[in-house]
Amino acid sequence: DRRGSASRPNASDGQGIIVPLRFSLKAWDHQFSSVTSYSRLNDFQGGDVDGSAANLAELLANLKSYALSEDLKVISPRGRLKYSAGLFLYRSHIDVDMGYRLGINPGLTTVSGMQVLQPFMPLLEQGGLNSVTQQIFPGGAADTLGAVMGTDVRSAALYGQFTWDISDSLALTAGGRFSIDDRQ
């Protein structure tokens with residue numbers, strides 16, 4: 001089990017808010033509703049990703065996000081023709097600052113099956129195997145590679161469903177949705 005052999009427990013620390021708001025109104029024999037949701041989260045995730053007690057690699061991620069959604073809907077009164085229709089809007093933004101910490105744990109030579117690296121340990125402890133490694137890992141054998149990523153999502157949709165009760169035992173239902181999505 002990888003979790004049992006990891007050099008230390010994975011870390012997670014975050015905070016945020018989630019605010020839902022629902023509003024309903026009965027007017028003109030119709031039911032109108034609005035459901036709004038807003039969330040903002042800041043989170044840190046980090047942990048051992050190489051699956052060994054040697055702690056060769058770990059992933060560090062700081063995540064910041066927000067999302068806002070709105071759903072407006074109208075529902076008809078009961079009768080032979082029933083319908084519901086609505087408008088859905090959504091917007092979110094996520095920023096992720098990820099780091100991959102790569103390194104050679106000095107205790108590596110004691111890990112079962114890893115004695116093959118023993119001849120290279122002096123080179124690794126001096127900061128790298130060659131000049132190319134020095135350029136990639138200027139701080140030495142243990143360094144952090146990173147990336148900053150972000151995405152924006154915007155969506156809008158119109159939807160509806162209609163039901164016509166032709167008789168007490170037969171009904172015809174039709175529905176549809178038109179969506180526009182933009183992801184960057």
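Residues numbered from 1 in each chain as written. Predicted model: local features only at pLDDT ≥ 70, side-chain atom pairs only at ≥ 80, totals over all residues. Heavy atoms only, no water.

## Concerning the overall build of the chain
- Counting secondary structure elements, the chain contains three helices and six strands.
- When its helices and strands are written in sequence order, the chain yields α-β-β-β-β-α-α-β-β.
- Buried residues in the chain amount to 23% of all 184 residues.
- Restricting to contacts in the chain with at least 6 residues of sequence separation, those with at least 24 account for 62%.
- Split by element, the accessible area of the chain, about 12600 Å² in all, is 60% carbon and sulfur. (Helix = DSSP H or I, 4+ residues; strand = E, 2+ residues; numbered from the N terminus. Buried < 20%, exposed > 50% of the residue type's maximum accessible area, 1.4 Å probe, protein only. Contact = heavy atoms within 4.5 Å. Areas by Shrake-Rupley, 256 points an atom, 1.4 Å probe, with all protein chains shown as cover.)

## Some remarks on the pattern of salt bridges
- This structure, assessed with the given rule, holds one salt bridge.
- Across the salt bridge formed by aspartate 165 and lysine 82, the nearest N and O atoms sit 2.6 Å from each other. One end of the pair, aspartate 165, is in strand β5 (residues 143-165); the other, lysine 82, is in strand β4 (residues 81-102), with 83 residues separating them in the sequence.
- Assessed through its relative accessible area of 28%, lysine 82 is described here as partly exposed. (Salt bridge = Lys/Arg side-chain N within 4 Å of Asp/Glu carboxyl O.)

## Thoughts on unusual backbone geometry
- Phi is positive for tryptophan 28, close to 55°, though the residue is something other than glycine.
- Mapping tryptophan 28 onto the fold places it in the loop between β1 (11-27) and β2 (30-48).
- Phi angles above zero are rare outside glycine, and aspartate 29 is one such case at about 65°.
- On the secondary structure map, aspartate 29 appears in the loop between β1 and β2.
- What makes aspartate 29 exposed here is its relative accessible area of 65%.

## Describing the environment of glycine 176
- Along the chain, the position of glycine 176 falls in strand β6 (residues 171-183).
- Sequence separation between glycine 176 and tyrosine 159 is 17 residues; the distance between their C-alpha atoms is 5.7 Å.
- The contact partners of glycine 176, leaving out residues within four places of it in the chain, are Leu158, Tyr159 and Gly160.

## Let's talk about the side chain of glutamate 70
- In this fold, glutamate 70 is placed in strand β3 (residues 57-75).
- Of the buried charged residues, glutamate 70 lacks a salt bridge, with arginine 22 as the closest side chain of opposite charge at 10 Å.
- In terms of polar contacts, glutamate 70 uses its side chain to reach the side chain of serine 34, at 2.5 Å. (Lys, Arg positive; Asp, Glu negative; His and termini not counted. Polar contact = N/O pair within 3.5 Å; in protein donor to acceptor, adjacent residues only side chain to side chain.)

## Let's talk about the confidence of the model for the chain
- When the pLDDT values of the chain are averaged, the result is 76; 64% of them are 70 or greater.
- Put simply, helix α3 (residues 131-136) is where the chain has its lowest mean pLDDT, 44, and β6 is where it has its highest, 95.
- In this model, residues 104-118 is a region of pLDDT below 50 whose contacts with residues beyond four sequence positions or in other chains number 18 contacts. (pLDDT = per-residue confidence, 0-100.)

## Remarks on the packing of aromatic side chains
- Under the defined criterion, the tally for this structure stands at two aromatic pairs.
- Centroid distance tyrosine 83 to phenylalanine 162: 6.1 Å. Interplanar angle 35°. Geometry classified as tilted. Of this pair, tyrosine 83 sits in strand β4 while phenylalanine 162 sits in strand β5, and the two are 79 residues apart along the sequence. (Phe/Tyr/Trp six-rings, centres within 6.5 Å; stacked < 30°, edge-to-face > 60°.)

## A short note on the layout of surface pockets
- The computed volume of the largest pocket comes to approximately 150 Å³.
- If you go around the largest pocket, the residues you meet are Lys26, Asp29, His30, Gln31, Ile75, Ser76, Pro77, Arg78, Lys82, Tyr83 and Ser84.
- Broken down by secondary-structure element, the contributors of at least two residues to the lining of the largest pocket are β2 and β4.
- If you tally residues by element for the lining of the largest pocket, the top one is β4, at three residues. (1 Å grid on protein atoms, 1.4 Å probe; cavity = no way out; pocket = protein on both sides within 12 Å on 5 of 7 lines; lining within 4 Å. Points joined across faces, edges and corners; volume = space filled by probe spheres on them.)

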